[in-house]
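# Per-entry structural report
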Amino acid sequence: MTRPLHIVHTEASCGWGGQEIRILNEAAGLLARGHRVELLTPGGIPIFEEARRRGIPVVPMKMGRRSLKGMRGMRRWLNANRPDVLNTHSSTDSWLAAVATRLLPNRPRIVRTRHISAAISRDPLSRWLYSRGADRVVTTGERLRQTLINDNGVPAERVISVPTGVDTQLFAPGDRDASRRRLGLPLDKSIVGIVSTVRTWKGHRYLIDAIHQLNRPDVLLLIVGHGPIHDVVTAHIAGLNMGDRALMVGQQLNVPEWLAAMDIFAMPSYANEGVPQAIVQAMSCRLPVISTPIGAIAEAVVHEQTGLLVPPREVPPLAAALATLLDNWELRQQYAQAGRDRAVAKFGIEAMLDKMEQIFDEVSRPAVRSLAA
Amino acid sequence: MKIAIFIPNWIGDAVMATPALAALRDHYGPDAELVGVMRPYVAQVLDGTGFLNGQLFYDPRGSQPDLHSWSLVRRLRELKPDVVLLLTNSARTGLLAYLSGAPRRVGFARGLRGWLLTDKLSMRTRLGKLLPQSAMDNYLRLATLLGCKQLRHPPRLATSAQDEAAADGVWQRLSLPTGNRTVVFHNGGGWGGQAEAKAWPPESFAELARRIAEQHGLGVLVLCGPAERDMAAGIAALASHPLVQSLAKESLSIGLSKACVRRSRLMVSTDSGPRHFAHAFDVPLVTLYGATHIAWGDTHYERTINLQHQLPCGPCMKRVCPLKHHRCMTEMTVDEVYQAVEAQLAQLARSEAA
């Protein structure tokens, strides 16, 4: 148990996805452990509204790149509130926080969470942001950690991997047929599903092509989520004349129910991944997973133990992996159970909170005179 | 807002609860009614702090029936608190909180107690065993759960004019040097003086006292509780130096002990409750740990030096050494403690010169 801490999260990016959900889960979890937690974010964006809904203290704050006003605002707020730790999450707020705290006496420590695996530019400015500009860097997987150490020269002892914790009670195995009835999905088909923001690098296109190549009328592709290329994906399905075999249901709040309706979870990402929450959630719901070894995915999905990993951006291996699992009920059950066990043991919320708490406490501890024997 | 706060039963824990009390007073303001529920003697610890504006005495196994549990339930129901905050961990106090009828009951969930609480925290455990954790931090976390925002209150206590007068009397009778020229010792055996596990050998304390008196010309006063008079008198007698005295023959009270610590230059103590008086009055401290984990009583005090010997058998948290050697304390030498005392005195001289 650490000291109670005053922790402030900053988030400038206005998306809604795994990153934002993790921030809110961490905030809520540490609030419930008796810490003081606040979120600084531009007013009105999705995470702002959701934080309010969940009763997490949130402060509206202008955050623009090269915005002197934004920086002054943040500096004023930090000076008045004196948190122990700032946990930054996106590029813009990380810059603002790093610069705004520089001249504060007893400045709050900065922990930067890097949620995605996109390569970080090696220019001196970025190097400064990740080394001097942050007291600790948290990545969502070990692979990302290694990249930061090897390619960007961040000292190893300052980068820690803390996989995103999933609520394994909420994301629990469900009754497949009951869920399908409630959601109006067919009972007589095998359902391959993906839950994710519809973005290019999540690989929806390859998944659609693979299902098309399989050409089996008993298989339905279920696409849950919304995103920037939603229309492109819709057009792609229409172009292949797959309207009856691929279903796009948009963003859904009750994700565990949709996962419960699936037989196989597939996410053929080809870039920018940490450990995607959707994959761990699917594992926690007792689903076998087909994915790629991009980012830190392989830390969650163990090839031939909890699912299958295939090369990114290739349709035939993906189609073959789908066929393997579709045709083998026992193998699916075996991977599914192993996945659930792994999710509970390694990716639960409590495990994540323990680690984050430890990092926040260590980084903000005043240097103690060490005269002890 | 009316909050009934169950104050911990031990002196040290009560001092460690003061940051949480200060945070609550800060957060709810001067008009809030903060009522302490506590053992009568604990009230002496908190006397004069002003954190509480009411108290209910409670002693479930004491000789006075009107301090027993049912009487307390009746008094709590009359009080009608909005919140009951439990800084105690027993199942009994959980039940009392439930029976009080308060809509909000806040505390640590252990065992079945969680069912009785509305807002709860769980203590960190590993394989079902409690991990060492600072009681002060735990109390503060409970206060934070109630919305308190200021988390860095240090322990704070106060003395009354009466306490100070009693200490004046002691200083006079024992001819101790005034103007913070006296070091206080406390050799608490631990757990209310009922055990020996925390004690350092009296001969060692006597030797340390003599060195402080001879080398630095400082007075040394050995504090004690009612059960520790003989031990305190023994240390003073063994030291056999006019500057080394004890409270053994004085009329004892918690208030007197507080006043003695407050006017001292430095405190040297085992892991006893009264050692927290030092932090509360910002007096430098050297703490000698034996069988106990430093973490449980950690108040993050910058002016303390903690000494502990790392042994394969410890820290065992036992009241009496199960191996009968008590090496954690007997092997701690006067030299190393004296070194820590010198470091503290030097630091003090530097800060006084600055």
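Being a predicted model, the structure only gives us computed values, none of them experimental.

What follows deals with the interface of chain A and chain B. Of the residues lining the interface, 21 residues belong to chain A; the matching set on chain B comes to 26 residues. Across the interface of chain A and chain B, roughly 1,900 Å² is buried in total on both sides, 51% from carbon and sulfur atoms. The tally of links between chain A and chain B comes to two salt bridges. For Asp84(A), the salt bridge identified is with Arg152(B), shortest N-O distance 2.9 Å.

Okay, the pairing of strand β10 (residues 219-223) of chain B next. Looking down a regular strand, the side chains alternate between one sheet face and the other. Residues and elements named next belong to chain B. Most of β10 is tucked away, with five of its five residues classed as buried. A two-sided burial pattern is seen for β10, the buried positions comprising Gly-219, Leu-221 and Leu-223 on one face and Val-220 and Val-222 on the other. Judged from the three bridges that link them, β10 and strand β11 (residues 244-246) form a sheet pairing that is parallel. Looking across to β11, one finds that Val-222 is bridged to Ser-246.

Moving on: the domain arrangement of chain B. All names here are of chain B. By domain assignment, chain B separates into domain 1 (2-145) and domain 2 (161-353). The C-alpha centroid of domain 2 is placed 29 Å from the C-alpha centroid of domain 1. Counting residues at the interface gives 17 residues for domain 1, matched by 18 residues for domain 2. Surface buried jointly by domain 1 and domain 2 totals about 1,400 Å² across both partners, of which 72% is contributed by carbon and sulfur atoms. Area buried by domain 1 at its contact with domain 2 is led by Trp-10, Gln-44 and Pro-132, which between them contribute 31% of it. For the pair domain 1 and domain 2, the number of links is zero salt bridges. At the boundary of domain 1 with domain 2, the tally comes to seven residue pairs in polar contact (both at pLDDT 80 or more). In terms of residue count, helix α1 (residues 11-16) provides more of the side of domain 1 that touches domain 2 than any other element does, four residues in total.

This next bit is on helix α9 (residues 229-239) of chain B. Residue and element names in this part refer to chain B. Looking at α9, one finds that the buried residues are Met-231, Ala-232, Ile-235, Ala-236 and Ala-239. Buried residues of α9, seen end-on, are gathered within an arc of 135° and therefore sit on one face of the element. Among the exposed residues of α9, those pointing more than 90 degrees away from its buried face are Asp-230, Ala-237 and Leu-238. Taken together, the buried residues of α9 touch α8 (202-216), β10 and β11. Immediately downstream of α9, the backbone of Ser-240 shows phi near 45°, a positive value.

A word on the pattern of salt bridges. In the structure shown here, the tally under the stated rule is 33 salt bridges over all chains. Residue Arg109(A) is joined to Asp135(A) by a salt bridge in which the shortest nitrogen-to-oxygen separation is 3.8 Å. Linking Arg109(A) in strand β5 (residues 109-114) with Asp135(A) in the loop between α5 (124-130) and β6 (136-139), this pair joins segments that are 26 residues apart in sequence. For Arg109(A), a relative accessible area of 29% translates into the label partly exposed. With a closest N to O distance of 3.2 Å, Glu207(B) and Arg211(B) form a salt bridge. Note that Glu207(B) and Arg211(B) are positioned in helix α8 at a spacing of four residues, about one turn of the helix.

Bringing the domain arrangement of chain A into the picture now. All names here are of chain A. Under the domain assignment used here, chain A contains domain 1 (6-165 + 349-364) and domain 2 (176-346). Look at where the C-alpha atoms of domain 1 and domain 2 centre, and you get two points 30 Å apart. Each partner contributes to the interface: domain 1 provides 15 residues, whereas domain 2 provides eleven residues. Here domain 1 and domain 2 share an interface that buries about 1,100 Å² over both sides, 45% of which is from carbon and sulfur atoms.

The next point concerns the environment of Ala97(A). Residue and element names in this part refer to chain A. Considering the arrangement of structural elements, one finds Ala-97 in helix α4 (residues 91-102). Through-space distance from the C-alpha of Ala-97 to that of Pro-108 is 9.6 Å; in sequence the pair is eleven residues apart. Leave out the neighbours within four places in its chain, and Ala-97 touches Met-74, Leu-86, Thr-88 and Ile-110.

Rules behind the numbers
- Every residue gets a number counted from 1 within its own chain, in the order that chain's sequence is written.
- Going through the entries in the order they are written, you letter the chains from A and number the ligands from 1.
- Note on the predicted model: pLDDT of at least 70 is required for a residue's local features to be given, and 80 or more for side-chain atom pairs to be given and counted; whole-chain, interface and lining totals, by contrast, use all residues.
- Side-chain figures throughout are based on the complete set of non-hydrogen atoms in the structure, without hydrogens or water.
- The criterion used for residue contact is that any of the two residues' heavy atoms lie within 4.5 Å.
- Buried area: the sum, over both parts, of the accessible surface (1.4 Å probe) that disappears when the two are put together.
- Within this document, salt bridges are pairs made up of a side-chain nitrogen of Lys or Arg and a carboxyl oxygen of Asp or Glu, the two lying within 4 Å of each other.
- Whether a residue is buried, partly exposed or exposed follows from its accessible area with a 1.4 Å probe, protein chains only, as a fraction of its type maximum: under 20%, in between, or over 50%, in that order.
- We count a stretch as a helix when DSSP gives it H or I for four or more residues in a row; a strand needs E for two or more, and each element gets its number in order from the N terminus.
- When DSSP finds at least two bridges between two strands, those strands are taken to pair.
- For the purposes of this description, domain bounds are those given by an automatic or database domain assignment.
- Under the rule applied, a polar contact is a pair of N or O atoms within 3.5 Å (in protein, one hydrogen donor and one hydrogen acceptor; residues adjacent in sequence only if both atoms are side-chain atoms).
- Each direction from the helix axis to a C-beta atom contributes to the arc, which is the arc of those directions.

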